[in-house]
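Descriptive analysis of the structure
Residue strings, one per chain:
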Amino acid sequence: MPILGIETLLYGVEDLDECTRFFDDFGLPQHARTDGMTHYRLEEGSNVVLRLLDDPALPKGFKDKGVKEITWGVDTQESLDALADRLEAHQEVTRGDDGVVRTKAPSGMNVALKLWSRKKVTYAPDPVNAPGHVKRLNVQRKWKTRARPKIITHTVYTVPSPKEEFEWYRDMLNFRMSEEQIGMGFYLRCDGANEHHNLFLINMNFGPLPGYPVFHHTNFGVEDIDELMVGTNYMTRRGWETGALGSGRHRIASALFSYIESPAGGEAEYGADSDYIDDNWIPREWNQVFATYSWMHKIPQFLGTDQKWQYRLHPSYVPNGAGDSEWEE
Ligand SMILES: [Fe+2]
């Protein structure tokens, strides 16, 4: 019953013009605009829709601005019906005339399911040179002037119980655990996707988070580090602020990141060069700070000291106990 990825993120925003300017600058391709709505469509066919917070078309849910509904794209009508039947056996579900199935996750996040044909997009980053490993001889790298995100890689929100929320996605929608970041939350992957994660569920009581469920950020995939940093430079030249972690490489997922503070709530993240995984992947358990970065261009003080190399196969996924699962420190 494969779910292929994020089909639509529906945002509730306070200032539609400002948020439209933000995502235009960020590089999302605008698909439609009306007085009360801006609609972006990415190359893979996924969508970002912005509506004002008091728009009756927004479902009730998390009180703050940000993503109000996540629509997951499902591969076939048969799969969609099977998932809807399973959900309906456990909780309230609505089936719209448009074929969209709607329900809520335990945190209250609105979750929808829709038939979707996710278009495969293919890019070819420039080969990388290293001493003795010359992959570009007499060839320059491509020059870029703007970022143009290709895919919605993942979205993130905070929850009272990451474990309960993860188990719901696992048991109701067949999501896989990719990793657990101890004290922080769970990284999940759709059963029909190979991105390292399509969803990250964060403990709402962690650190500076507000202590209630709230949207956190969305990751938009670009081709490579050049597109990621060119996009970041363009955003700061246009007056937008970089996020709390700035740019760098996470150790979890090996992913390059660059966060920009978003007027639509939380942050928007450019992402590149992440790990891709399938069902052969064994989830890991990670020390919080160790997982967060291999390097960053500016390390916040709260991440600066605790760099214990704690990392192991997740005990829940190691056959016959913890034999292969000692901490590597
Ligand atoms: Fe992210």
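Residues numbered from 1 in each chain as written. Predicted model: local features only at pLDDT ≥ 70, side-chain atom pairs only at ≥ 80, totals over all residues. Heavy atoms only, no water.

This part covers the overall build of the protein chain. Counting its secondary structure elements, the protein chain contains five helices and 19 strands. The globule rule puts the C-alpha radius of gyration for 329 residues at 20 Å, and the 20 Å found for the protein chain is close to it. Projected onto the principal axes, the alpha-carbon positions of the protein chain cover approximately 60 × 55 × 40 Å. Burial status across the protein chain gives 52% buried among its 329 residues. The long-range fraction of contacts in the protein chain, counting pairs at least 24 apart against all pairs at least 6 apart in sequence, stands at 66%. In the form shown here, the protein chain has an accessible surface area of approximately 15,200 Å², with 50% of it arising from carbon and sulfur atoms. In the protein chain, which carries 36 positive and 49 negative side-chain charges, the distance between the mean positions of the two groups comes to 5 Å. (Helix = DSSP H or I, 4+ residues; strand = E, 2+ residues; numbered from the N terminus. Rg over C-alpha atoms; globule rule 2.2 N^0.38 Å. Buried < 20%, exposed > 50% of the residue type's maximum accessible area, 1.4 Å probe, protein only. Contact = heavy atoms within 4.5 Å. Areas by Shrake-Rupley, 256 points an atom, 1.4 Å probe, with all protein chains shown as cover. Lys, Arg positive; Asp, Glu negative; His and termini not counted. Charge placed at Lys NZ, Arg CZ, Asp CG, Glu CD.)

For the rest of this paragraph, the subject is the coordination of the iron ion. Note on metal sites: the ideal angle is 109.5 degrees for four tetrahedral donors, and 90 or 180 degrees for six octahedral donors. The coordination sphere of the iron ion, as far as protein atoms go, consists of His-154 (NE2), His-217 (NE2) and Glu-269 (OE), spread over 2.1 to 2.2 Å. Of note, the donors binding the iron ion are all from one chain and are spaced H-x62-H-x51-E. Here His-154 is found in strand S9 (residues 151-159), whereas its partner His-217 is found in strand S13 (residues 215-221), with 63 residues between them in sequence. Given the relative accessible area of 6%, His-154 is considered buried. (Donors = N, O, S within 2.8 Å, 3.2 Å for Na, K, Ca; no water.)

Let us now look at the sheet that holds strand S10 (residues 176-181). Strand order in the open sheet formed by eleven strands is S18-S14-S15-S16-S13-S9-S12-S11-S10-S17-S19, with mixed pairing between adjacent strands. In this open sheet, the two strands that pair with only one neighbour each are strand S18 (295-296) and strand S19 (311-313). For S10 and strand S17 (residues 284-286), the ladder comprises three bridges, and the chain directions are parallel. What sits directly across from Glu-180, in S17, is Glu-285. This element, helix H1 (residues 16-26), spans S13, strand S15 (256-261) and strand S16 (267-272) of the sheet and lies at about 10 degrees to S16. In the packing of helix H3 (residues 162-173) onto the sheet, the strands contacted are S9, S10, strand S11 (185-189) and strand S12 (199-203), and the crossing angle to S12 comes to about 155 degrees. (Pairing = 2+ DSSP bridges. Axes fitted to C-alpha atoms, helices over the stretch in contact; angles between N-to-C directions.)

With that settled, consider H1. Since one α-helical turn is 3.6 residues long, residues separated by three or four positions face the same way. Of the residues making up H1, those classed as buried are Leu-16, Cys-19, Thr-20, Phe-22, Phe-23, Asp-25 and Phe-26. Measuring from the side-chain oxygen of the N-cap residue of H1 to the backbone nitrogen of Asp-17 gives 3.2 Å; that N-cap residue is Asp-15. Remark: Gly-27 follows H1 within two positions and exhibits a positive phi of approximately 110 degrees. (Polar contact = N/O pair within 3.5 Å; in protein donor to acceptor, adjacent residues only side chain to side chain.)

Right, let's get into the packing of helix H2 (residues 77-88) against H3. Geometrically, a packed helix pair is captured by the angle between its two axes and the distance between the axes. Following both chains from N to C, one finds H2 and H3 inclined at 125 degrees, their axes separated by 9 Å at the closest point. With respect to their mutual orientation, H2 and H3 come out oblique. Between H2, through Leu-83, Arg-86 and Leu-87, and H3, the contact on the second element is made entirely by Trp-168, Asp-171, Met-172 and Leu-173. In terms of residue class, the contact of H2 with H3 is built from five nonpolar, no polar and two charged. (Parallel < 35°, antiparallel > 145°, perpendicular 65-115°, else oblique. Nonpolar A, V, L, I, M, F, W, Y, C, P; charged D, E, K, R; others polar.)

Within the open sheet, the eight strands sit side by side as S2-S3-S4-S1-S5-S8-S7-S6. Their pairing is mixed. Strand pairing shows two members of the sheet lacking a second neighbour, strand S2 (30-34) and strand S6 (94-95), which therefore form its edges. Sheet strands in contact with H1 are strand S1 (3-13), S2, strand S3 (37-41) and strand S4 (47-52), and its direction is about 15 degrees off that of S3.

Shape descriptors only; they carry no functional weight alone.
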